[in-house]
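Below are the chains, spelled out letter by letter.
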Amino acid sequence: MRLLVCGGAGFIGSNFVRLRVRDHGDEVVVLDKLTYAGRRENLADLPEVPLVVGDIADREAVDEAIGDGVDAIVNFAAETHVDRSIAEPDAFITTNGQGTYQLLEAARRHEVERYVQISTDEVYGSIEVGSFTEESPIVPSSPYSASKAGADLLVLSYFHTYGLPALICRGSNNYGPYQYPEKLIPLMILNALHGDPLPVYGDGMQVRNWLYVEDFGRGIGHVLAHGTPGEVYNVGGPDECPNIEVVKRIVELTGADPSIIEYVADRPGHDRRYSLASEKIRALGWEAQVRFEEGLERTVQWYRERRDWWEPIRSGEYREYYERQYGRRLS
Ligand code: NAD
Ligand code: TYD
């Protein structure tokens, strides 16, 4: 297949591109704005993949990336961090809203055979017991999840109104190589390796449904190949874990001193638990292959080995962000 992968220089996008090029022999073009979260280095081992640097909300950039045509567009491009959306929602509204709109328009103009929107379990809001199905109501809590929910509704409207062959994949929390260290797992790994405090929000008993990034990529591949247009597919991880247990396991795996764990002020509007029912994508033949215990070990090992990848990040924009986000919270 010839694929346009938007946001392919980010965490999940770059892992997906690697999977498609190596295992499926797809021809891939990446369109990415290279925000703080997008990095050329994430695609350094894939020199055959052209990277068009541009904004998904810019019609001309999208047309340039599509060139003579593509079979499918897979959209990962987004502002993705909940804490940043609480502090500064602006870019979330433009990229996740206006950006998705421009991609849908381009998909119509170029008559692509498939449009796959990458979405999140966070659009369903929080669930104390049980799991969300694709029929569950959309009740997002944060500016991030609200902007993603708005995008999902727009995608579905393009299917219903214009017959665009659009599909949605809603993944649970991903982790693995190349994740920007603002998210829980890489943040805790790098802080633990440095002996820095591990800032646990609130009581640390919030639960996330962890999905290894390659399993998500395989799930998206199943939806791309076998999904029904107009449908939503949940892609949930095999294991759930309270944050504090994740942090304690990272302490063990890195050999850090447990006294660096520090409870800090909670995130406003913090969702207590996410959990996805994934029967619908299982019926397409997908199954998660990596259990949390194994995936976490692999991830810690990757960050140990890839100092060359994270060292430039820790010394750049990230340092200012970290100070703003944690400076006053940490003792
Ligand atoms: P990320 O922040 O690592 O990467 C986002 C990428 O999008 C970056 O490369 C960035 O440069 C690019 N981008 C941002 N704004 C852009 C714009 N206007 N135009 C072009 N490119 C732009 O994010 P991620 O964790 O890889 O998430 C990818 C997608 O998966 C997102 O849509 C996110 O909502 C969704 N998702 C993430 C998770 C998770 O746990 N990380 C879980 C489920 C779904
Ligand atoms: P995060 O990685 O931001 O993903 P999301 O909010 O999209 O689920 O956070 C995962 C969980 O970890 C969430 O409950 C918030 C919590 N968390 C902390 O306790 N401390 C931190 O420093 C961060 C970044 C997250």
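Values in this document were obtained by computation on a predicted structure and should not be read as measured data.

Definitions and cut-offs
Residues numbered from 1 in each chain as written. Chains lettered and ligands numbered in written order. Predicted model: local features only at pLDDT ≥ 70, side-chain atom pairs only at ≥ 80, totals over all residues. Heavy atoms only, no water. Helix = DSSP H or I, 4+ residues; strand = E, 2+ residues; numbered from the N terminus. Rg over C-alpha atoms; globule rule 2.2 N^0.38 Å. Buried < 20%, exposed > 50% of the residue type's maximum accessible area, 1.4 Å probe, protein only. Contact = heavy atoms within 4.5 Å. Polar contact = N/O pair within 3.5 Å; in protein donor to acceptor, adjacent residues only side chain to side chain. Phe/Tyr/Trp six-rings, centres within 6.5 Å; stacked < 30°, edge-to-face > 60°. Lys NZ or Arg CZ within 6 Å of the ring centre and 35° of its normal. Near = heavy atom within 4 Å. Areas by Shrake-Rupley, 256 points an atom, 1.4 Å probe, with all protein chains shown as cover. Nonpolar A, V, L, I, M, F, W, Y, C, P; charged D, E, K, R; others polar. Axes fitted to C-alpha atoms, helices over the stretch in contact; angles between N-to-C directions. Parallel < 35°, antiparallel > 145°, perpendicular 65-115°, else oblique. Left-handed = near helix turned anticlockwise from the far one by under 90°. Domains from an automatic or database assignment. Expected span 1.5 Å × (residues − 1). Arc of directions from axis to C-beta. Pairing = 2+ DSSP bridges.

### A word on the overall build of the protein
- What the protein contains, in helices and strands, is 12 helices and 12 strands.
- On C-alpha atoms alone, the protein measures out to a radius of gyration of 19 Å, which is about the 20 Å that the 2.2 N^0.38 rule sets for 331 residues.
- Counting only C-alpha atoms, the protein reaches 55 × 40 × 35 Å along its principal axes.
- When the 331 residues of the protein are sorted by exposure, 58% land in the buried category.
- Intrachain contacts of the protein at a sequence separation of at least 6 include 81% that bridge at least 24 residues.

### Topic: the environment of E317
- With respect to the element layout, E317 can be found in helix α12 (residues 317-326).
- Classification of E317 as partly exposed rests on a relative accessible area of 32%.
- Residues E317 and Y36, 281 residues apart in the sequence, show an inter-C-alpha distance of 7.3 Å.
- At 2.8 Å, the side chain of E317 and the side chain of R84 are in polar contact.
- At 3.0 Å, the side chain of E317 and the side chain of Y180 are in polar contact.

### Let's talk about the packing of aromatic side chains
- One pass over the full model with this rule turns up 19 aromatic pairs.
- With a centroid separation of 4.9 Å and 80° between ring planes, the pair formed by W302 and Y303 is classed as edge-to-face. Assigned by exposure class, W302 and Y303 land together as buried.
- These aromatic residues form a ring-pair network of at least three members: Y36, Y180, Y201, Y318, Y321, Y322 and Y326.
- The ring of Y162 carries the charged tip of R108 above its face, separated from the ring centre by 3.6 Å.

### Things to note about the site of ligand 1
- Around ligand 1, the structure places 28 residues, and the nearest of them are I12, D32, T80, Y144 and K148.
- The contact in question runs from a nitrogen atom of ligand 1 to an N or O atom on the side chain of D55, over 2.8 Å.
- In the complex, 97% of the free accessible area of ligand 1, which totals 840 Å², lies under the protein chains.
- Secondary structure elements with two or more residues in the shell around ligand 1: α1 (11-24), β5 (114-120) and α5 (143-162).
- Ranked by residues supplied to the shell around ligand 1, first place goes to β5 with 3 residues.
- Residues that form the shell around ligand 1 fall into these classes: 11 nonpolar, 13 polar and 4 charged.

### So, the packing of helix α2 (residues 59-66) against helix α4 (residues 90-109)
- The interhelical angle for the contact between α2 and α4, taken along N-to-C directions, is 45°, at an axis separation of 10 Å. Classified by the angle their axes make, α2 and α4 are oblique. The chirality of how α2 crosses α4 is right-handed. Only Q102, L103, A106 and R109 of α4 make contact with α2, whose side of the interface consists of R59, V62, D63 and I66.
- Here the contact of α2 with α4 is built from residues that sort into 4 nonpolar, 1 polar and 3 charged.

### Re the site of ligand 2
- Lining the immediate surroundings of ligand 2 are 18 residues, of which E122, R208, R267, H270 and Y326 lie closest.
- Between an oxygen atom of ligand 2 and a side-chain N or O atom of E122, the distance comes to 2.4 Å.
- Interatomic distance of 2.7 Å between a side-chain N/O atom of Y326 and an oxygen atom of ligand 2.
- In the complex, the protein chains occlude 98% of the 510 Å² of accessible area that ligand 2 would expose alone.
- Sorting elements by how many residues they give to the shell around ligand 2 places strand β8 (residues 198-201) first, with 3 residues.
- Along the lines of polarity and charge, the residues of the shell around ligand 2 split into 8 nonpolar, 5 polar and 5 charged.
- The two domains that each donate at least three residues to the shell around ligand 2 are domain 1 (2-174 + 212-235) and domain 2 (175-208 + 239-268 + 290-326).

### Examining helix α8 (residues 243-254)
- For α8, with 12 residues, the first-to-last C-alpha span of 17 Å sits near the 16 Å given by 1.5 Å per residue.
- The set of residues buried in α8 consists of N243, I244, V246, V247, I250, V251 and T254. Take α8 and look down its axis: the buried residues cluster within an arc of 160°, on one side only.
- Looking at the buried side of α8, the elements it contacts are α6 (184-194), β8, β9 (207-212), β11 (239-242), β12 (261-264) and α10 (292-305).
- In the stretch just after α8, G255 is the one whose phi turns positive, near 75°.

### Focus: the sheet that holds strand β7 (residues 174-175)
- In space, the 3 strands of this open sheet follow the order β7-β9-β11, with mixed pairing throughout. Strand pairing shows two members of the sheet lacking a second neighbour, β7 and β11, which therefore form its edges.
- Sheet topology note: the β7/β9 ladder contains 2 bridges and is parallel. Directly across from N174, in β9, lies its bridge partner L211.

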